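So the chains spell out like this:
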Amino acid sequence: MLAELSPALIAEVELAAKLLTSKQHICILTGAGISAESGIPTFRDKQTGLWENYGVEDLATPEAFTRDPKLVWSWYQWRRQLVADKKPNPAHVALAQWQYHTQSSNQSLTLITQNVDDLHEQAGSTVIHLHGNLWHNRCSQCETACQSQSRGSYHSEDTINFDDTLMTCPHCGGYIRPDIVWFGEALPVQAWQTAEDAAANCEVFISIGTSSLVYPAAGLAQLAKQNGAKIIEINPNPTPNTIVDITLAEKAGVIMPLLIQKITAL
């Protein structure tokens, strides 16, 4: 794979590695691109099969759930089934290795994701979820966390319940919904505060597989830049973003293992 990378790109990776080893506080934001490399469709991909005639307003808003909870629940159960067999790719693994490595060094590494899958956790990372977790549920009425579908308690995806029958809350009788941040909803307060603090206090901010166009998460890089941080973007299709200092225009699964290899060698 190294032979396929241009000398210019390898030089940029080495530059990024030197920068990262010289700094103490690192903040990383991952988006749909890193999950797509594991075969998970991005939210903007066209819906297929039964769902191709539905839009975001029909499937991923509080109003949609109020109007037709069975439809929304069925779609999320379908999404869960779609991603149940997906595994971390080399980028997830490299990030987990790096995070583990920093535990015995003087570096701090905060990993934040816009993704709702659990591939970072599967790889061994500790991660802050800005948009919720596909495998967790909560009550739509009293907000109680209910009937967690976290795969940590299952031995294989075959044992996960993908039944699209609506469930009700044992506390108030309200319908159970996925613990996902829908369009029109605020981000979880604690997760956002932690992400904002990490971005404001980091020395290097790394954006991986995200267009940096969806707010408020897109504002994290700007916040970091305003506070003096260097910005690194890892994306095969870099966004036109003037605040980026180092652009690594390649898939995260290619760049991250190489970057960690360079970091640990320094």
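This text follows the structure it describes.
Owing to the predicted nature of the structure, the values given are computational and were not obtained by experimental measurement.

Scoring rules and cut-offs
- Residues numbered from 1 in each chain as written.
- Predicted model: local features only at pLDDT ≥ 70, side-chain atom pairs only at ≥ 80, totals over all residues.
- Heavy atoms only, no water.
- Helix = DSSP H or I, 4+ residues; strand = E, 2+ residues; numbered from the N terminus.
- Buried < 20%, exposed > 50% of the residue type's maximum accessible area, 1.4 Å probe, protein only.
- Areas by Shrake-Rupley, 256 points an atom, 1.4 Å probe, with all protein chains shown as cover.
- Salt bridge = Lys/Arg side-chain N within 4 Å of Asp/Glu carboxyl O.
- Expected span 1.5 Å × (residues − 1).
- Polar contact = N/O pair within 3.5 Å; in protein donor to acceptor, adjacent residues only side chain to side chain.
- Contact = heavy atoms within 4.5 Å.
- Pairing = 2+ DSSP bridges.
- Disulfide = S-S within 2.5 Å.

## A look at the overall build of the chain
Piece 1. The helix and strand inventory of the chain stands at ten helices and nine strands.
Piece 2. Residues counted as buried form 47% of the 266 residues belonging to the chain.
Piece 3. Total accessible area on the chain stands at roughly 13000 Å², and carbon and sulfur atoms take up 51% of it.

## Some remarks on the pattern of salt bridges
Piece 1. A complete count under the given rule lists five salt bridges for this structure.
Piece 2. Put simply, Asp 85 and Lys 86 hold a salt bridge, and the shortest N to O gap is 3.0 Å.
Piece 3. According to the relative accessible area criterion, Asp 85 is partly exposed, its value standing at 44%.
Piece 4. Judged by its relative accessible area of 16%, Lys 86 falls in the buried class.

## A short note on helix α6 (residues 90-102)
Side chains that are three or four residues apart share a direction in an α-helix, a result of its 3.6 residues per turn.
Piece 1. Along its 13 residues, α6 runs 18 Å from first to last C-alpha, staying within 8% of the 18 Å computed at 1.5 Å per residue.
Piece 2. Taken together, the buried positions of α6 are Ala 91, His 92, Ala 94, Leu 95, Ala 96, Trp 98, Gln 99 and Thr 102.
Piece 3. Between a side-chain oxygen at the N-terminus of α6 and the backbone nitrogen of Ala 91 the separation is 2.8 Å; the capping residue is Asn 89.

## Thoughts on helix α10 (residues 252-265)
Piece 1. Its 14 residues give α10 an end-to-end C-alpha distance of 19 Å, which sits within 8% of 20 Å, the value for a rise of 1.5 Å per residue.
Piece 2. If you check which residues of α10 are buried, you get Ala 252, Gly 253, Val 254, Ile 255, Met 256, Leu 258, Leu 259, Ile 260 and Ile 263.
Piece 3. Where α10 is buried, its residues meet α1 (7-21), α2 (32-36), α6, β7 (204-208), β8 (230-234) and β9 (246-248).

## Considerations on the pairing of β7
Piece 1. Across the five residues that make up β7, a large majority, five, are buried.
Piece 2. Side chains Val 204, Ile 206 and Ile 208 project from β7 onto one buried face, and the interleaved Phe 205 and Ser 207 project onto a second face that is buried too.
Piece 3. Pairing geometry for strand β1 (residues 25-30) and β7, over five bridges, is parallel. Residue pairing across strands places Ile 28 opposite Ile 206, the latter belonging to β7.

## A few points about the state of the cysteines
Piece 1. For the structure shown, the criterion picks out zero disulfides.
Piece 2. Cysteine Cys 27 shares no disulfide, and the gap to the nearest cysteine sulfur, in Cys 202, comes to 5.0 Å.
Piece 3. What makes Cys 27 buried here is its relative accessible area of 0%.
Piece 4. Judged by relative accessible area, which is 5%, Cys 202 ranks as buried.

## Notes on the sheet that holds β9
Piece 1. Ordered in space as β3-β2-β1-β7-β8-β9, the six strands form an open sheet in which the pairing is parallel. On the outer flanks of this sheet lie β3 (128-129) and β9, each paired with one strand and no other.
Piece 2. Examined bridge by bridge, β1 and strand β2 (residues 108-113) share six bridges and lie parallel to one another. Each bridged residue has a counterpart across the sheet, and for Ile 28 the counterpart in β2 is Leu 111.

## Quick look at the side chain of Thr 61
Piece 1. Looking at where Thr 61 falls in the secondary structure, it is placed in the loop between α3 (56-59) and α4 (62-67).
Piece 2. A polar side-chain atom of Thr 61 sits 3.0 Å from the main-chain amide nitrogen of Ala 64.
Piece 3. Sequence-distant contacts of Thr 61, that is, excluding residues within four places in its chain, are made with Val 56, Trp 182 and Phe 183.

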